[in-house]
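# Descriptive analysis of the structure
Next come the chains, spelled out residue by residue.
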Number of protein chains: 2
Amino acid sequence: MKPLILLSNDDGVRAKGLNSLIEMLRPLGDLFVIAPDRGRSGASCSITTPLPITIKRLRGEEGLTVYSCTGTPADCVKLALDQLLMRQPDLVVGGINHGTNASTNAHYSGTVGVATEGALHGLPAIAYSLLDYDEDADFSPLTPYVRRIADYVLRQGMPYGSILNVNFPVAEHYAGMKVCRMGYSRWENEYTPCERPEGGRYFWLGGEFVDDEPDETDTDVWALDRDYVAITPLKLDNTDYQLLHQMENELSEDSLSADKAGEEQQEPSSTL
Amino acid sequence: MKPLILLSNDDGVRAKGLNSLIEMLRPLGDLFVIAPDRGRSGASCSITTPLPITIKRLRGEEGLTVYSCTGTPADCVKLALDQLLMRQPDLVVGGINHGTNASTNAHYSGTVGVATEGALHGLPAIAYSLLDYDEDADFSPLTPYVRRIADYVLRQGMPYGSILNVNFPVAEHYAGMKVCRMGYSRWENEYTPCERPEGGRYFWLGGEFVDDEPDETDTDVWALDRDYVAITPLKLDNTDYQLLHQMENELSEDSLSADKAGEEQQEPSSTL
């Protein structure tokens, strides 16, 4: 049986990045695509809780089914796995995103959200992004890399709870692929305030990206700056084990008791 | 100068959990509150990108300012830090959430999103949640613990890029506090399909929580089941270092070159 690959994105079902990905992955298996009916950039791993979601079948042909969905990227993956697919997919893929999801930007990414949701269901998962926000960006140079990485994961599988976050630089020739860690970065001057005609302010999100570790050579930001395809393995378990052990040592049994905490209600103690 | 504490949540500015938190933390410092104007449960670390956001000042008194915001929980934190606050807060706090954010649920949590956004700005941050979805839940038993943990973080600080995800069980007496790792769990039977009057289906999110590690005694799920207050330290850098090193070894220099990838475009190789 051919591999079954579940695809989604956060730029919406009509985005060029998703439709390029469909063409790239068709040789590798049967594709089931379900993606938001509109742009949901920055959706992270959000889910729709206060309202129900609906779907619409857009394409159905040999080896390819496409749905649009009113939900978030994570909703799309959830719904496909719970209600729409007859068997478990062999791979869940998000993308190809129009714009970077490298570094700590992964926390905001709906594309990474797709892969995270796949991993939350115990499935191997990949998020692909190109560092080009243009809605007509050229995705064709990515083709051999996208296929190679997907093929690798289909053959090797992934450890439970892990995903690959793959980012492509905008470059005439790639320097190769590099496996990296998530670099620390931040955004500065994030909002532009504007005056409403009737008074009051509104705020547009934007900002400037700042690499907090410009001298570190093992980050995804470093690799992308040097025209490498950056492959960053991420995991669902983001426990800070170092801090966990440190805090365990600081917590004396004495300070743990409910009674003790109750007594000191009015005067917080200096130890936990 | 008194500590400055920035508060937000994902249940909306009028939620009892947030307003209980305000009363609990007032003795510890000056509070600046900015929270979504409506429920944004499941917002994760999502941000509002396609439209601007607006704010409304609801309260302003000695030591307490409250705004509502049309954006997500993460937007609220971003906007406060970039546009509204005159100085950096000493602590960012999300909550108190109505419902669990333990285990892998943290990935969906707007409350954890608040703390994540704080950490993305280099600030110490805590997310508080009570395992009770009732909008009139009783938060008063949490008071000494919420204060004690906030006081601990204000005094000790936090390592860069780390947050505390604190979950409270529903219990008459807490067994104490326990520092835990994020447990693996999943949701089953997540959607209830319904028929639209005019034909077609819509889907309500729900589902049953499944603890994937019932025999492990170091998880937050285990601690909560035994009436402990569960403190789970999380970090922004969720690189899977074990997989990173494994993949680095598998990637031969040969297979990295762009030319090689190009050549094999039509026939993906079995190695990366």
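Refer to the structure presented above.
So, here is what we can say about the structure in this document.

Cut-off values and rules
- Residues numbered from 1 in each chain as written.
- Chains lettered and ligands numbered in written order.
- Predicted model: local features only at pLDDT ≥ 70, side-chain atom pairs only at ≥ 80, totals over all residues.
- Heavy atoms only, no water.
- Helix = DSSP H or I, 4+ residues; strand = E, 2+ residues; numbered from the N terminus.
- Buried < 20%, exposed > 50% of the residue type's maximum accessible area, 1.4 Å probe, protein only.
- Contact = heavy atoms within 4.5 Å.
- Areas by Shrake-Rupley, 256 points an atom, 1.4 Å probe, with all protein chains shown as cover.
- Lys, Arg positive; Asp, Glu negative; His and termini not counted.
- Charge placed at Lys NZ, Arg CZ, Asp CG, Glu CD.
- Least-squares fit on C-alpha atoms with pLDDT ≥ 70 in both.
- Buried area = accessible area lost by both parts, 1.4 Å probe.
- Salt bridge = Lys/Arg side-chain N within 4 Å of Asp/Glu carboxyl O.
- Polar contact = N/O pair within 3.5 Å; in protein donor to acceptor, adjacent residues only side chain to side chain.
- Nonpolar A, V, L, I, M, F, W, Y, C, P; charged D, E, K, R; others polar.
- Pairing = 2+ DSSP bridges.
- Right-handed = clockwise from strand over helix to strand, strands pointing away.
- 1 Å grid on protein atoms, 1.4 Å probe; cavity = no way out; pocket = protein on both sides within 12 Å on 5 of 7 lines; lining within 4 Å.
- Points joined across faces, edges and corners; volume = space filled by probe spheres on them.
- Phe/Tyr/Trp six-rings, centres within 6.5 Å; stacked < 30°, edge-to-face > 60°.
- Axes fitted to C-alpha atoms, helices over the stretch in contact; angles between N-to-C directions.

### Re the overall build of chain A
Regarding its fold elements, chain A presents eight helices and 13 strands. For chain A, the spread of C-alpha atoms along the principal axes amounts to about 70 × 50 × 45 Å. Residues classed as buried in chain A amount to 59% of the 272 residues present. If you take every contact in chain A between residues at least 6 apart in sequence, the share linking residues at least 24 apart comes to 76%. For chain A, the accessible surface area stands at approximately 10700 Å², while carbon and sulfur atoms represent 46% of it. Once the 22 positive and 42 negative side-chain charges of chain A are each reduced to a mean point, those two points are 11 Å apart.

### A short note on the relation of the copies chain A and chain B
The operation relating chain A to chain B is a screw motion whose rotation component is 180°, with 0.0 Å of axial translation and a residual RMSD of 0.0 Å. Taken together, the rotation angle and the small translation identify this as a two-fold axis. Within chain A, the C-alpha atom positioned nearest to the axis of rotation is that of Asn 238 of chain A, 2.6 Å from it.

### Details of the interface of chain A and chain B
With 99 residues of chain A at the interface, the matching set in chain B holds 99 residues. Across the chain A/chain B interface, buried area totals approximately 8900 Å², and carbon plus sulfur atoms make up 59% of it. For the pair chain A and chain B, the interface holds two salt bridges. Residue Lys 78 of chain B is joined to Glu 190 of chain A by a salt bridge in which the shortest nitrogen-to-oxygen separation is 2.7 Å. Our enumeration of links across chain A and chain B arrives at 37 residue pairs in polar contact (both at pLDDT 80 or more). In terms of residue count, helix 4 (residues 143–156) of chain A provides more of the side of chain A that touches chain B than any other element does, 10 residues in total. Each residue belonging to the side of chain A that touches chain B can be placed in one class, and the counts come to 48 nonpolar, 30 polar and 21 charged. Of the strand pairs in this sheet, strand 11 (residues 201–205) of chain A and strand 3 (residues 53–61) of chain B are connected by two bridges, and their pairing is antiparallel.

### Considerations on the side chain of Asp 240 of chain A
Mapping Asp 240 of chain A onto the fold places it in the loop between strand 13 (228–235) and helix 6 (241–250). Not counting chain neighbours up to four residues away, the residues in contact with Asp 240 of chain A comprise Ser 162, Pro 233, Leu 234 and Lys 235 of chain B.

### A look at the pairing of strand 2 (residues 30–36) of chain A
Residue and element names in this part refer to chain A. In terms of residue burial, strand 2 counts as a mostly covered element, since six of its seven residues are buried. As defined by bridge partners, strand 1 (residues 4–8) adjoins strand 2 across four bridges and the pair is classed as parallel. Across the sheet, the residue bridging to Ile 5 is Leu 31, located in strand 2. In this view, the connection linking strand 1 to its parallel neighbour strand 2 by way of helix 1 (residues 16–25) has right-handed handedness. Sheet topology places strand 2 next to strand 4 (residues 64–69); six bridges connect them, and they run parallel.

### Side note on empty space enclosed by the protein
The tally for this structure, following the rule as stated, stands at four cavities of 30 Å³ or more. Quantified by volume, the largest cavity comes out at close to 360 Å³. Counting only elements with at least two residues in the lining of the largest cavity, the list comes to helix 3 (110–120) and strand 13 of chain A together with helix 3 (110–120) and strand 13 (228–235) of chain B. Among the residues forming the lining of the largest cavity, the class breakdown is 14 nonpolar, 13 polar and two charged.

### A closer look at the pairing of strand 3 (residues 53–61) of chain A
Residues and elements named next belong to chain A. Inspection of the sheet shows strand 3 paired to strand 4 by six bridges, in the antiparallel sense. When the bridges of strand 4 are listed, Lys 56 appears paired with Ser 68. Here strand 3 hands over to strand 4 after two residues, with Gly 63 in that stretch at a positive phi of 80°.

### Describing the packing of aromatic side chains
Going through the model one piece at a time under the given rule, you end up with 16 aromatic pairs over all chains. Taking the centre distance of 5.2 Å and the plane angle of 70° together, the rings of Tyr 160 of chain A and Tyr 184 of chain B count as edge-to-face. Residue Tyr 160 of chain A is located in the loop between helix 4 and strand 7 (162–168), and its partner Tyr 184 of chain B is located in the loop between strand 8 (176–179) and strand 9 (185–188); the two belong to separate chains. Given the relative accessible area of 41%, Tyr 160 of chain A is considered partly exposed. The structure contains a cluster of three or more aromatic residues connected by ring pairs, namely Tyr 128, Tyr 145, Phe 168 and Tyr 174 of chain A.

### Regarding the layout of surface pockets
Put simply, the largest pocket is a space of about 760 Å³. Lining the largest pocket we find 32 residues, and of these Arg 38, Arg 40 and Thr 72 of chain A together with Arg 38 and Arg 40 of chain B sit closest to its centre. Looking at the lining of the largest pocket, its residues break down into 12 nonpolar, 16 polar and four charged.

### Focus on the sheet that holds strand 6 (residues 125–130) of chain A
Taken together, the 11 strands give an open sheet; going across it, the order is 8(A)-13(A)-7(A)-6(A)-5(A)-1(A)-2(A)-4(A)-3(A)-11(B)-10(B), and neighbouring strands pair in mixed fashion. Here the strands that pair on one side only, and so sit at the sheet edges, are strand 8 (176–179) of chain A together with strand 10 (191–195) of chain B. On average, each strand axis in the sheet is inclined to that of its neighbour by 25°, with strand direction left out of account. Where helix 3 of chain A meets the sheet, it contacts strand 1, strand 5 (91–98), strand 6, strand 7 and strand 13 of chain A, and its direction lies at approximately 175° from that of strand 6 of chain A.

### Considering unusual backbone geometry
All names here are of chain A. In the segment running from Gly 95 into Ile 96, the intervening peptide bond is cis, with an omega of -10°. Among the structural elements, Ile 96 can be located in strand 5. A positive phi angle is found at Ser 44, which is not glycine, with a value near 50°. Assignment of secondary structure puts Ser 44 in the loop between strand 2 and strand 3.

### Some thoughts on the pattern of salt bridges
This structure, assessed with the given rule, holds 28 salt bridges over all chains. Note that Asp 37 of chain B is salt-bridged to Arg 38 of chain B, the shortest N-O span being 2.9 Å. The exposure class assigned to Asp 37 of chain B is partly exposed, which follows from its relative accessible area of 31%. Judged by relative accessible area, which is 43%, Arg 38 of chain B ranks as partly exposed. When salt bridges with common partners are traced through the structure, they connect Arg 181, Glu 213, Glu 216 and Asp 218 of chain A into a single cluster.

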